[in-house]
Amino acid sequence: MQYHAVLEKQIKKFLPEQYLGDEQVAQFLAIISNSYKSLEKDKKISEHAFNISEMEYREVTQNLHVQHEMTKQSISHLKEAIHSLAPDAMTGITDGDNLISIIAFLQMQILKAKELEVALIQSKELAEKAANAKSDFLSVMSHEIRTPLNAIIGYIHLLQNESPLPSQVDFLRILQISADNLLSLINDVLDFSKIEEGKIVFTERDIDIRALVNNIKMANRIKAEERGNMLKVMFDDDIPPFVKGDDIRLMQILNNLISNAIKFTNNGKIMIEVTLKALTANDITLHFAIIDTGVGIPRDKQEMIFERFTQENSNITRDYGGSGLGLSIIKMLLNLQDSEIHVVSEPGKGSNFYFDLKFLRSATTKRDENRLDDAKPDLKGISILLVEDVEFNIMLAQKLLTNWNAIVTVAENGLIAVEMIKAGDKFDVILMDLQMPVMDGLTSAKEIRKLNAVVPIIAQTASTSSNIQELVFMSGMNDYVSKPLNPRYLYPTILKYVTTIETQH
Ligand code: ADP
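Calculation rules
For every chain, the first residue of the written sequence is number 1, and numbering continues from 1 along that sequence. pLDDT decides what is reported in this predicted model: residues at 70 or higher carry local features, side-chain atom pairs at 80 or more are listed and counted, and totals for whole chains, interfaces and linings draw on all residues regardless. Side-chain calculation: all heavy atoms of the structure are included, whereas hydrogens and water are not. Comment: elements are numbered from the N terminus, with helices defined as DSSP H or I runs of at least four residues and strands as E runs of at least two. Exposed residues in this analysis have more than 50% of their type's maximum accessible area, buried residues have under 20%, and partly exposed residues fall in between, with area computed by a 1.4 Å probe over protein chains only. Residue contacts follow a heavy-atom distance rule, with two residues in contact if any of their heavy atoms lie within 4.5 Å. Side-chain atoms alone can form a polar contact between residues adjacent in sequence; in general such a contact is a pair of N or O atoms within 3.5 Å, and within protein one must be able to donate a hydrogen while the other accepts it. Strand pairing is assigned whenever DSSP identifies at least 2 bridges connecting the two strands. Axis angles are defined between N-to-C directions and span 0 to 180 degrees, where every axis is a line fitted to C-alpha atoms and, for a helix, only to the segment in contact. Salt bridges are counted wherever a side-chain nitrogen of Lys or Arg sits within 4 Å of a carboxyl oxygen of Asp or Glu. Between 30 and 60 degrees the pair is tilted, below 30 it is stacked and above 60 it is edge-to-face, where a pair is any two Phe, Tyr or Trp rings, Trp via its six-membered ring, whose centres lie within 6.5 Å. Working note: the arc is built from the helix axis to C-beta atom directions.

Moving on, we come to unusual backbone geometry. Backbone geometry at Asn405 places phi at a positive 70°, although glycine is not the residue there. Among the secondary structure elements, Asn405 is positioned in the loop between helix H9 (391-403) and strand S9 (407-411). What makes Asn405 partly exposed here is its relative accessible area of 40%. If you check the backbone angles, Val438 has positive phi at about 65° while not being a glycine. One can find Val438 in the loop between strand S10 (429-433) and helix H11 (441-451). Taking relative accessible area as the criterion, Val438 reaches 66% and is therefore assigned exposed.

Turning our eyes to something else, we now look at the environment of Ser362. Within the secondary structure, Ser362 is located in the loop between strand S7 (350-361) and strand S8 (383-387). The class of Ser362 is buried, set by a relative accessible area of 16%. On a C-alpha basis, the gap between Ser362 and Val243 in space is 4.9 Å, while along the polypeptide they are 119 residues apart. For Ser362, the contacting residues outside a window of four places in its chain are Asp206, Phe242, Val243 and Lys244. Polar side-chain contacts of Ser362 include one of 2.7 Å to the side chain of Asp206.

Let us now look at the sheet that holds S10. In a beta sheet, neighbouring strands are held together by backbone hydrogen bonds and run either parallel or antiparallel to one another. Read from one edge of the open sheet, five strands run S9-S8-S10-S11-S12, paired in parallel fashion. At either margin of the open sheet sits one strand with a lone partner, and together these are S9 and strand S12 (479-482). On average, each strand axis in the sheet is inclined to that of its neighbour by 25°, with strand direction left out of account. In this structure, S8 lies alongside S10, joined through four bridges in parallel fashion.

With that settled, consider the pattern of salt bridges. The final tally for this structure, using the stated rule, is 13 salt bridges. For Lys124, the salt bridge is made with Glu128, and the minimal N-O distance between the two is 3.3 Å. Taken together, the residues Lys124 and Glu128, both in helix H3 (residues 99-160) and four residues apart, mark about one turn of the helix. Between Arg205 and Asp479 there is a salt bridge, with its nearest N and O atoms 2.7 Å apart. In this pair, Arg205 is assigned in strand S1 (residues 205-208) and Asp479 in strand S12, connecting sequence segments 274 residues apart. Salt bridges sharing common partners tie together Asp170, Arg173 and Glu226.

Mapped onto the fold, Glu307 is located in the loop between strand S5 (283-292) and helix H7 (316-320). Put simply, Glu307 and Gly441 are 134 residues apart on the chain and 38 Å apart in space, counted from C-alpha to C-alpha. Residues in contact with Glu307, not counting those within four places in the same chain, are Gly324, Ser328 and Lys331.

Per the stated rule, a full pass over the model turns up five aromatic pairs. Look at Phe306 and Phe353: their rings are 6.3 Å apart centre to centre, the planes differ by 70°, and that puts the pair in the edge-to-face class. Of this pair, Phe306 sits in the loop between S5 and H7 while Phe353 sits in strand S7, and the two are 47 residues apart along the sequence. In this structure Phe353 comes out as buried when scored by relative accessible area, which is 9%. By way of ring pairs, the aromatic residues Phe288, Phe355 and Phe359 are connected into one cluster.

Taken together, the buried positions of helix H10 (residues 414-422) are occupied by Gly414, Ala417, Val418, Met420 and Ile421. The buried residues of H10 occupy an angular sector of 160° when the element is viewed end-on, so they sit on one face. Residues of H10 that are buried in the fold lie against S8, S9, S10 and H11. Sitting at the amino-terminal end of H10 is Asn413, which places a side-chain oxygen 2.9 Å from the backbone nitrogen of Leu415. One or two positions beyond H10, positive phi appears at Gly424, with a value near 95°.

On to the pairing of strand S11 (residues 457-461), then. Burial runs high along S11: five of the five residues are buried. Along S11, one buried face is formed by Ile457, Ala459 and Thr461 and the opposite face, lined by Ile458 and Gln460, is buried too. The sheet contact formed by S10 and S11 spans four bridges and is parallel. Across the sheet, the residue bridging to Leu431 is Ile458, located in S11. The pairing of S11 with S12 spans four bridges and is classified as parallel. Considered in S12, the bridge of Gln460 is made with Val481.

Dropping the structure here:
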């Protein structure tokens, strides 16, 4: 039997050989050897166990160390973040290196932020209420002011056509200029607040751009001649006949620039230039320039004139009139269409106001050659249903339309109009007022559309509420003209639908 190595050595050294053969001694030695062996095993196991726990200990301390580093870094990041948010805030932390006090501080800040948010929401609601009240007030007032103005402007126009005495011609002209000025002032103020409230919607309609520019030229020709000015149009032949965009706003911008050019030029020349700047498959960019040889604007005033209610100097209102709103409206209208107005000007030599404007390309290519803008308006044989409740508006529109040889039938409210259509009455065009007793224009148009899908319906609107155009189109109407009815725009708008009818036959 092989004993444990230590026991073997001790046997050799201390046990006389004669005992080795004894069986009881052998048994005893075997037990001792086993005890030695198990002792050694236990020793190895405990050594191993000790080694393992030391490793674990090292690992744990290392982890703790890493965590500590991370905490330190987080605290430093937190402090940096707090500092960048509010440089003075660190003074609000009692123990700067203690995560718990930082968290307490942050909780307090969050609480404060929440309180602030509640206060902000409350003041936003208040501001919205105030803005709504303002826009409601403006909308109502505009209607109230425009209705009598409508009558004034219309009757001035009619009186001018009734062979006035030579002495009255001048009075009528002054009346007309004053009423026009008053109207444009009201429009400017309303426009301005509408734009400021972000309530401007741009329409996309086919624009015969050459006709539009020529119309504007015709409309401004007399004013230009009165100041001895020549008004010229330079129109690039490469421009396609139609583009898609907001014709009303474009007209407003051009009209404003041209009337400024006329106002500040005497015995000079005003040039309206329209050139093709860029053409892609989907859109087309046009360059517009209104160049005059007038008084010009000093360099240091050239930025200021685009600010609201600002004129180049305080004598301007006295000498030329105006409110100083025109250019700031133009600037805002162009900005909303990703464009910008620029000016190059030299005192004594003149000014050049220019901008580039992007339009969508239009599928329409046919230009209506018959439309002679200079010819006397003629609606011979055209039957028009005038839906209107205010007596002097009826008289005015009736007079205008019959002067153009149209056959006019009047319906005093929307319901009467619907009943006429129901009874089978036929009209070439319906001119629909919006605000009427019994049945308003929008409802009436919707009802008429159920009975007749094709008859052109043109809304007449004195309202400035932002979504009126949308409502007009949604009710099934084809177009709109603004009130006071301006013969200059009313006639071409009616003509647009009448000529369409003719070509359909
Ligand atoms: P206003 O209603 O006074 O014409 P605008 O905003 O249209 O308001 O113009 C602001 C000012 O810019 C004018 O009062 C005038 O001083 C100057 N201005 C504008 N257009 C011209 C121009 N073509 N020539 C000289 N000055 C101009």
